[in-house]
Amino acid sequence: MNAPFKNLIAGEWAGGVNASRNINPSNTNDVVGEYAQGTVEDLNNAVAAAKAAFPAWSRTTPQERYDILKKASDEILARKDELGRLLSREEGKTLAEGIGEAGRAGQVFAFFAGECLRLSGEMVPSVRPGVGVEITRDPLGIVGMITPWNFPIAIPAWKIAPALAWGNCVVIKPADLVPGSAWALVDIIQRAGLPKGVLNLVMGRGSVVGQALLEHKDVTAISFTGSVATGRKVAAACIAGNPMKKVQLEMGGKNPLVVLDDADLKVAVEVAVNGAFFSTGQRCTASSRLIVQAGIHDRFVEACIERLKGLSVDDALKAGTHIGPVVDQSQLDQNLKYIQIAKDEGGKLAFGGELLKRDTPGFYLQPALFTETTNAMRISREEVFGPVANIVRVKDYDEALAVANDTEFGLSSGICTTSLKYATHFKRNSEAGMVMVNLPTAGVDYHVPFGGRKGSSYGPREQGAYAKEFYTTVKTAYTLA
Ligand code: NAD
């Protein structure tokens, strides 16, 4: 099969003798497109192209880089409805969520266009007479990127934009399940005027293309987003190589949302249902662990169930759908497995959890809410990555905070309360990279740092001006004059 959607290598759409079918999870009879499955040779060619392009690209002026990133941003924003539709069709999040994500990709490019113009250094007096010290930032070289399926355009955007803004060349391997959005993004950026070889796209399997990227000696750094299991392999490969690679990992979560007795019930239910179940719960920042104080517990459960009953789980592209399908059969199997595990552990399935039939064949699952669970159960400790959440009942704020922090993850956390005292204490003491007060744990701004701690993240933050900590390297120059 010859793929119509090929890899971008050295500025040419190339390769693609082997193709894979991109299937719509809302309707498995619908083939979104046939996309090239890259080979190790494709990857090697892409890295060689990036290496050849780097000397000239790294010396371009901030204005040249600004113009390209701004032009890319303008096209993404102008086409966000179309790009959002493609995204929803291949990944299964609702059309509104897909368009929102495409818009975010455009905003990310606009932000980093501005960052091209803002990079600065420092002049520091030396401790030695007559000597001046300059501290500047250089690009890294070739940055390899490996991305997951759940944010098919936003994550490639928030890695590619800062890399290019600060003068790096890129080889990106998107998730093989959803290559369409990354392909469309790369096409836009290339046509915005990027010199050949600066940005290369090699689609295909993680074990083939991804592994070759990790092992290539000319790749300077790897930015990875995905599961903890793959992240460990990525980090190990980056350290094992010679030279070692700089590495940044964004991985899973088991994000807690605390609901205190003094919370506004309506706000808490919206925050919980959005955070746990929107985007089909397939967000690293999803509030899959709801930690609820005893005094509000029963009212909260009842109100959540009422809210869930009113949500439509259906074709992602259909008007009125609140929750789209699960991304594929293997993720659906994983969700069902965890629903069974939670039942076997003694959790009470208070709502949902059953497969749904719709007009078209797809991976439809009614969101599942468990009550009567403890924080020791597997359902509280392991990332499911689907529309499955559980409630742990606690007696007071101190217990809530202790339970919230009792996890090997640390990406996002949240609290619903009307108390300034508890909100402030939680912000200071929650062991997470991002803390939300009366807001869903998922859903973040594009101009500020994103990332976590403990088992969720490794290395510098992504997004915002802080992204320069990963995408640049610091140089200290001394002059005697
Ligand atoms: P995954 O780890 O299975 O795959 C991620 C990427 O790694 C894919 O492109 C895959 O092809 C590639 N890969 C797999 N094996 C590889 C190997 N041996 N060498 C190199 N690359 C390899 O993750 P996924 O299922 O695509 O995504 C879901 C996971 O991503 C969840 O755990 C979720 O929490 C996490 N995630 C984290 C964030 C964050 O910012 N923290 C954001 C989104 C998703």
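Residues numbered from 1 in each chain as written. Predicted model: local features only at pLDDT ≥ 70, side-chain atom pairs only at ≥ 80, totals over all residues. Heavy atoms only, no water.

Observations regarding the packing of aromatic side chains
As a reminder, the rule being used: Only Phe, Tyr and Trp rings are paired, with Trp represented by its six-membered ring, and only when their centres lie within 6.5 Å; those with planes under 30 degrees apart are stacked, over 60 edge-to-face, the remainder tilted. Each residue gets one of three labels from its accessible area relative to the maximum for its type: buried under 20%, exposed over 50%, partly exposed in between, using a 1.4 Å probe on protein chains only.
Counted under the stated rule, the structure contains nine aromatic pairs. Note on F470 and Y471: the rings are 4.9 Å apart at their centroids and 85° apart in plane angle, and the pair reads as edge-to-face. When sorted by exposure, F470 lands in the same class as Y471, which is buried. Of the aromatic side chains, those joined through ring pairs into one cluster are F5, W13, Y35 and W183.

Re the nonpolar core
As a reminder of what qualifies: The set of buried Ala, Val, Leu, Ile, Met, Phe, Trp, Tyr and Cys residues whose side-chain atoms join them within 4.5 Å is what this entry labels a nonpolar core. Strands here mean DSSP runs of E at least two residues long; helices mean DSSP runs of H or I at least four residues long; both are numbered from the N terminus. We call two residues in contact when some of their heavy atoms are within 4.5 Å.
By size, the foremost hydrophobic cluster in this structure holds 84 residues, and its most contacted members are F109, F112, I160, L164, V171, I189 and I222. The element contributing the most residues to this core is helix α5 (residues 154-165), with nine residues. In this structure I222 touches G144, L213, L214, V234, C238, K245, K246, V247, Q248 and F470, once residues within four positions along its chain are discounted. Within the second largest apolar cluster, 29 residues are counted, among which are A272, A276, V292 and C416.

A word on the sheet that holds strand β6 (residues 131-139)
The test is simple: Strand pairing requires that DSSP identify at least two bridges connecting the strands. Comment: axis = line fitted to C-alpha atoms, over the contacting stretch for helices; angle = value between 0 and 180 degrees taken between N-to-C directions.
The strand order β5-β6-β20 describes an open sheet built from three strands, whose pairing is antiparallel. Two strands lie at the open edges of the sheet, namely β5 (122-125) and β20 (472-480), each paired on one side alone. For this sheet the average axis-to-axis angle between neighbouring strands, irrespective of direction, equals 25°. Looking at chain direction, β6 and β20 are connected through nine bridges and run antiparallel. Within β20, the residue paired with V133 across the bridge is Y478.

Structural notes on the sheet that holds strand β13 (residues 289-293)
Ordered by their spatial adjacency, seven strands build an open sheet running β14-β15-β16-β13-β12-β17-β18, and the pairing between neighbours is mixed. Each edge of the open sheet carries a strand with a single partner, namely β14 (348-351) and β18 (434-437). Adjacent strand axes in the sheet meet at a mean angle of 25°, parallel and antiparallel pairs treated alike. Sheet topology places strand β12 (residues 256-259) next to strand β17 (residues 412-416); three bridges connect them, and they run parallel. The residue of β17 that forms the bridge with V258 is I415. Where helix α11 (residues 329-344) meets the sheet, its contacts fall on β14, β15 (368-373) and β16 (388-394), and the angle it forms with β15 comes to roughly 25°. Together, β12, β17 and β18 form the strand contacts of helix α14 (residues 420-429), whose direction differs from that of β17 by roughly 170°.

Some details on the UniProt feature "domain: Aldehyde dehydrogenase" (unreviewed entry) in the protein chain
Going by this rule: UniProt positions are given in the numbering used here, feature names are shortened, and annotations may be inferred rather than shown by experiment.
This chain's UniProt record puts "domain: Aldehyde dehydrogenase" (unreviewed entry) on residues 20-476. With 42% helix and 19% strand, the stretch residues 20-476 has end C-alpha atoms that lie 47 Å from each other.

Some remarks on the environment of K266
Turning to its location among the elements, K266 is positioned in helix α9 (residues 265-277). The class of K266 is exposed, set by a relative accessible area of 70%. Considering only alpha carbons, one finds K266 and F300, 34 residues apart in sequence, at a separation of 8.8 Å.

Considering the site of the ligand
Using the following cut-off: Residues are counted as near a molecule or strand when any one of their heavy atoms sits within 4 Å of it. Here a polar contact means two N or O atoms within 3.5 Å. Within protein one must be a hydrogen donor candidate and the other an acceptor candidate, and residues neighboring in sequence count only if both atoms are side-chain atoms. Exposure was quantified through the Shrake-Rupley algorithm and a 1.4 Å probe, taking into account, for residues, occlusion by the shown protein chains and nothing else.
Taken together, 27 residues lie around the ligand, and T147, S227, T230, M251 and E383 are the ones closest in. G226 has a polar backbone atom sitting 3.3 Å from an oxygen atom of the ligand. Here the ligand has 860 Å² of accessible area as a free molecule, and 88% of this is covered by the chains. Sorting the residues of the shell around the ligand by element identifies α7 (206-215) and β10 (221-225) as the ones contributing at least two each. The element contributing the most residues to the shell around the ligand is α7, with four residues.

Some thoughts on the UniProt feature "active site" (unreviewed entry) in the protein chain
Here, the residues flagged by UniProt with the feature "active site" (unreviewed entry) are E250. Along the chain, E250 falls in strand β11 (residues 246-250). On the basis of relative accessible area, E250 is assigned to the buried category, the value being 2%. For E250, the contacting residues outside a window of four places in its chain are F224, T225, G226, L411, F450, G451, G452, S456, S457 and E462.

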